[in-house]
Amino acid sequence: MTDAPLSPIHVVGGGLAGSEAAWQIANAGVPVTLHEMRPERSTDAHQTDGLAELVCSNSFRSDDAEQNAVGLLHQEMRRLNSLVMRAADGAQVPAGGALAVDREAFSAAVTAALESHPLVTIVRSEIAGLPPEAWDSVIVATGPLTSPALAEAVRAVTGEGELAFFDAIAPIVHADSIDMSIAWRQSRYDKVGPGGTGADYVNCPMTREQYEAFVAGLVAGDKVSFKEWEATTPYFDGCLPVEVMAERGPETLRHGPMKPMGLTNAHQPDVKAYAVVQLRQDNALGTLYNMVGFQTKLRHAEQVRLFRTIPGLENAEFARLGGLHRNTYLHSPKLLDPTLRLKAQPRLRFAGQITGCEGYVESAAVGLMAGRFAAGERLGRAFAPPPVTTALGALLGHITGGHLSVEGEGPRSYQPMNVNFGLFPPVEGALRMPDGSRPRGAQKAAVKKRMLTDRARADLAAWLGGSQLPAEAAE
């Protein structure tokens, strides 16, 4: 007597996340049907019908697994036999310390691998609406250009309102790069609020001269222009870019997000600031702070130059710079469980940029995890999420609950994020050089990153040792 054949898992979307999810499922011995609407229905950004087409940059960013979080993510994905990483390594082009690829060769390699896998079936048609009820395990990996019909269906089942909008994103700063000899902690009027202490914001003071120069810089700064197909998409939650507010008048910001009222400079209590830039804790670990009200479409280099003129942020290190683009993503910490299932309809999992990750590698990594979760579930095998101390686990933690909620009215607090060391739990104990001495100056950042990556590799190895799914790749 033979076991009944396994029913397939359905993956909707043939981008990086969907392709990686399908690969992981098939390599676990579970049949998978991958649905890709191109070429039956194209998008405004895609040019081909190839799977895992790269529509923007051809770079997977840094491949440094010792000093860069995305490089560490590369390494972890290779350990889990990632198709995306295998194809990227095979299509690599010179790019210094970055992993950049020949985009056509990369897409062709992913497409060929999935087309030739005996457990993968590729269906070229649009899923217009929610997948059929008969599909008991589905991964939705449709990215920021999710078709309108599917986006509307997801919106209806989640009750989350519009999913497509102009996402005005504020910069996020590593907390340990803020100069607290200039900045101070205080909530406006010392208000405690839900879960607060009365000192929940980091405040950076400005004189009148500094403020006027800063506003002039915002107005004159080099800005990103809209693409034609983005022009009809509205701003989300009324989040106007900071430079648009500045253009409305020189005092607009001083009576908006930069108002000084209710704040007293702890370093100079007798000197009233003319304006104040506030930063609010962005993750549960307290390692990241976002610049309140500073959503922007300034170009990245311009943001770094201008925002480092703010007192206290002269040496700021940015985990993410601001941006403004059309996006489609879920309020994942509220809607998804720790294995990326939709709480309201657990047969549906989500992966890739629709979950609120940012970047090629991150999208593929979430697809990898969703695929392994789904395969483990189908096989009846336990598959615990990766430890939060790993790059995979830190990214998953951000998506499923690592942010802080905003109480009451206000813009959505959960926003897309690249993997970065600010998402990792801090290392315990004193920082030490390999010889046991204490690091000094610029050495501290490098030592901290090395300790984070060493811990991540050890914890990933222990986690892999307890996994019941196959497909671990050799180093």
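In this text the structure is predicted, and so the values were computed from the model without any measurement.

Some words on helix 6 (residues 208–220)
Line of reasoning, step 1. Over its 13 residues, helix 6 runs 18 Å from end to end, which matches the ideal 18 Å to within 8%, given 1.5 Å per residue.
Line of reasoning, step 2. Buried residues of helix 6: Tyr211, Phe214, Val215, Gly217 and Leu218, and no others. Summarising the axial view, the buried residues of helix 6 lie within an arc of 160°, below the 170-degree limit, and thus occupy one face. Exposed side of helix 6, more than 90 degrees from the buried face: Glu209, Ala213 and Ala220 are the residues found there.

Brief notes about the sheet that holds strand 2 (residues 32–35)
Line of reasoning, step 1. The six strands lie next to each other as 6-2-1-7-17-16, forming an open sheet whose pairing is mixed. Of all strands in the sheet, those with a lone pairing partner are strand 6 (120–123) and strand 16 (341–342), marking the two edges.
Line of reasoning, step 2. Sheet topology note: the strand 2/strand 6 ladder contains four bridges and is parallel. Within strand 6, the position partnered with histidine 35 by the bridge is valine 123.

Notes on the side chain of glutamate 362
Line of reasoning, step 1. Assignment of secondary structure puts glutamate 362 in helix 10 (residues 360–379).
Line of reasoning, step 2. The class of glutamate 362 is buried, set by a relative accessible area of 0%.
Line of reasoning, step 3. Among the polar contacts listed, one links the side chain of glutamate 362 to the side chain of asparagine 418, at a separation of 3.4 Å.
Line of reasoning, step 4. The contact partners of glutamate 362, leaving out residues within four places of it in the chain, are Arg61, Val70, Leu73, Cys357, Leu395, Asn418 and Val419.

What about the sheet that holds strand 5 (residues 98–101)?
Line of reasoning, step 1. Strand order in the open sheet formed by three strands is 3-5-4, and the pairing between neighbours is antiparallel. At either end of the open sheet lies a strand with only one pairing partner, and these are strand 3 (59–62) and strand 4 (92–93).
Line of reasoning, step 2. Looking at chain direction, strand 3 and strand 5 are connected through two bridges and run antiparallel. Among the inter-strand pairings, serine 59 is bridged to a residue of strand 5, identified as alanine 100.
Line of reasoning, step 3. Together, strand 3, strand 4 and strand 5 form the strand contacts of helix 3 (residues 83–90), whose direction differs from that of strand 5 by roughly 80°.

Observations regarding the pattern of salt bridges
Line of reasoning, step 1. Scanning the model with the defined rule gives 18 salt bridges in all.
Line of reasoning, step 2. The closest approach of N and O atoms between arginine 341 and glutamate 377, which form a salt bridge, is 3.1 Å. You can see arginine 341 sitting in strand 16 and its partner glutamate 377 sitting in helix 10, a full 36 residues away along the chain.
Line of reasoning, step 3. Exposure remark for glutamate 377: the relative accessible area of 39% places this residue in the partly exposed category.
Line of reasoning, step 4. Through salt bridges with shared partners, a single network forms among Glu66, Arg450, Asp454 and Arg457.

Quick notes on the packing of aromatic side chains
Line of reasoning, step 1. Counted according to the given criterion, the structure contains nine aromatic pairs.
Line of reasoning, step 2. Seen in terms of ring centroids, phenylalanine 60 and phenylalanine 106 are 5.4 Å apart; in terms of plane orientation they differ by 75°. Their pairing is edge-to-face. With phenylalanine 60 in strand 3 and phenylalanine 106 in helix 4 (residues 103–116), the pair connects residues that are 46 residues apart, well separated along the chain. Across this residue pair, the class does not change: phenylalanine 60 and phenylalanine 106 are buried.
Line of reasoning, step 3. Between phenylalanine 214 and phenylalanine 307, the aromatic rings sit 6.3 Å apart at their centres with planes inclined by 40°, giving tilted as the arrangement. Of this pair, phenylalanine 214 sits in helix 6 while phenylalanine 307 sits in helix 8 (residues 300–307), and the two are 93 residues apart along the sequence.

Reading the values: the criteria
- Residues numbered from 1 in each chain as written.
- Predicted model: local features only at pLDDT ≥ 70, side-chain atom pairs only at ≥ 80, totals over all residues.
- Heavy atoms only, no water.
- Helix = DSSP H or I, 4+ residues; strand = E, 2+ residues; numbered from the N terminus.
- Expected span 1.5 Å × (residues − 1).
- Buried < 20%, exposed > 50% of the residue type's maximum accessible area, 1.4 Å probe, protein only.
- Arc of directions from axis to C-beta.
- Pairing = 2+ DSSP bridges.
- Polar contact = N/O pair within 3.5 Å; in protein donor to acceptor, adjacent residues only side chain to side chain.
- Contact = heavy atoms within 4.5 Å.
- Axes fitted to C-alpha atoms, helices over the stretch in contact; angles between N-to-C directions.
- Salt bridge = Lys/Arg side-chain N within 4 Å of Asp/Glu carboxyl O.
- Phe/Tyr/Trp six-rings, centres within 6.5 Å; stacked < 30°, edge-to-face > 60°.

In short, shape yes, function no, at least from these values alone.
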